[in-house]
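# Structural features, examined
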Amino acid sequence: DVKVTQSSRYLVKRTGEKVFLECVQDMDHENMFWYRQDPGLGLRLIYFSYDVKMKEKGDIPEGYSVSREKKERFSLILESASTNQTSMYLCASRLASGPQETQYFGPGTRLLVL
Amino acid sequence: SQQGEEDPQALSIQEGENATMNCSYKTSINNLQWYRQNSGRGLVHLILIRSNEREKHSGRLRVTLDTSKKSSSLLITASRAADTASYFCATGLFSGNTPLVFGKGTRLSVIA
C-alpha cells in the first residue's frame with residue numbers, strides 16, 4: 001500500500017514564524033502536490049513537483065515556497081506565517097506515467113496561526 | 001483553478017437509501033475520478049472513469065460519465081452510516097504531469 005505521511009497532524013504557530021510542513025511518500029512516486037483545504041473552497045493547489053528539484057506554482061502560491069531535494073520528500077514552507085494561512089494542508093503523490101494515475105493523500109496537517 | 005462543481009453541496013439521507021452526487025466540469029478530460037474524505041482526514045480514491053467509458057461499477061458504487069454534457073454522477077446504493085463523508089470529483093486532463101483538478105465536494109450524512 002502506498003503510504004504518504006505528514007510530519008504533524010496539528011500545528012500551532014505565531015504570526016511571523018517560519019513554518020515547515022513535511023511530506024514523505026514511500027512508493028517512489030515522481031509527482032508530489034501540496035493543497036490547502038478551507039470550508040466552502042474545496043482543495044486548492046499551492047505547489048506541485050514533477051520530480052526531484054522540480055517545482056511548479058499552483059493556483060495559490062503566494063506566501064508559500066517548496067523544496068524537493070529527495071524524491072520521497074516534499075516540503076512546504078511558510079516564510080512568514082499569517083493568520084490567513086490557518087488551514088488544513090494536504091499532501092499527495094502520484095506516479096508520473098499518465099493522467100489516469102491516482103493521487104494518494106496524506107492524513108493532513110491542521111495549522112493554526114495565532 | 002477549480003473545474004469540477006459538485007451538486008448538491010450537502011445531502012442527508014436515511015441508512016439504506018441511495019445517495020446520488022453530481023459533478024459538472026468545463027473542459028475536455030482524459031478521466032474523472034471520485035475521492036472520499038472522512039472528517040479531518042486525507043482523501044481516498046474511490047473510482048476512476050475514462051473519457052471513453054459511460055458507466056463503471058465498484059461494489060456499491062456506480063459512476064456515470066456524459067462527456068457531451070460534461071457531467072458525472074456517483075451513486076452509492078444501500079447507504080450505511082459509515083458512508084458519511086465528503087465526496088469530491090477530480091478531473092484528469094491529457095497532459096501526463098498535470099495535477100488533478102478537484103471540485104468543492106458534497107457532504108453526505110447518512111442517518112442510522
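Scope of this entry: the structure provided in the associated data block. (Residues numbered from 1 in each chain as written. Chains lettered and ligands numbered in written order. Predicted model: local features only at pLDDT ≥ 70, side-chain atom pairs only at ≥ 80, totals over all residues. Heavy atoms only, no water.)

## As for the pairing of strand β5 (residues 43-50) of chain B
Residues and elements named next belong to chain B. What counts, and what does not: Only strands joined by at least two bridges in the DSSP assignment are considered to pair. Where helices and strands are cited, they refer to DSSP runs of H or I of at least four residues and of E of at least two residues respectively, numbered from the N terminus.
Bridging between strand β4 (residues 31-37) and β5 involves seven bridges; their strand directions are antiparallel. In the sheet register, L32 faces β5, and the bridge partner there is I49. Counting the residues between successive antiparallel strands, the hairpin from β4 to β5 contains five residues, one of them, G40, with a positive phi of roughly 75°.

## Structural notes on the pairing of strand β7 (residues 64-70) of chain A
Side chains on a regular strand alternate between the two faces of the sheet. Both β7 of chain A and strand β8 (residues 73-78) of chain A contribute to a ladder of five bridges, which runs antiparallel. Across the sheet, the residue bridging to K70 of chain A is R73 of chain A, located in β8 of chain A.

## Things to note about the environment of R36 of chain A
All names here are of chain A. This is how the line gets drawn: Within 3.5 Å is the distance limit for a polar contact, defined as a pair of N or O atoms, with the added protein rule that one can donate a hydrogen and the other accept it, and that residues adjacent in sequence qualify only through two side-chain atoms.
Structurally, the position occupied by R36 is in strand β4 (residues 31-38). Along the primary structure R36 and D51 are separated by 15 residues, whereas in three dimensions their C-alpha atoms are 21 Å apart. Of note is the side chain of R36, whose polar atom sits 2.9 Å from the side chain of Y64. In this structure the side chain of R36 is engaged in a polar contact, spanning 3.5 Å, whose partner is the backbone oxygen of T86.

## Details of the sheet that holds strand β1 (residues 4-6) of chain A
Residues and elements named next belong to chain A. This is how the line gets drawn: Here an angle of 0 to 180 degrees is reported between the N-to-C directions of two axes, which are lines fitted to C-alpha atoms, with helices fitted over the stretch in contact.
The antiparallel open sheet is built from four strands, whose spatial order is β1-β3-β8-β7. Two strands close off the open sheet at either side, each with one partner strand: β1 and β7. Strand-to-strand twist in this sheet, taken as the mean axis angle between neighbours without regard to direction, amounts to 20°. The pairing of strand β3 (residues 19-25) with β8 spans six bridges and is antiparallel. Across the sheet, residue F20 finds its bridge partner in β8, namely I77.

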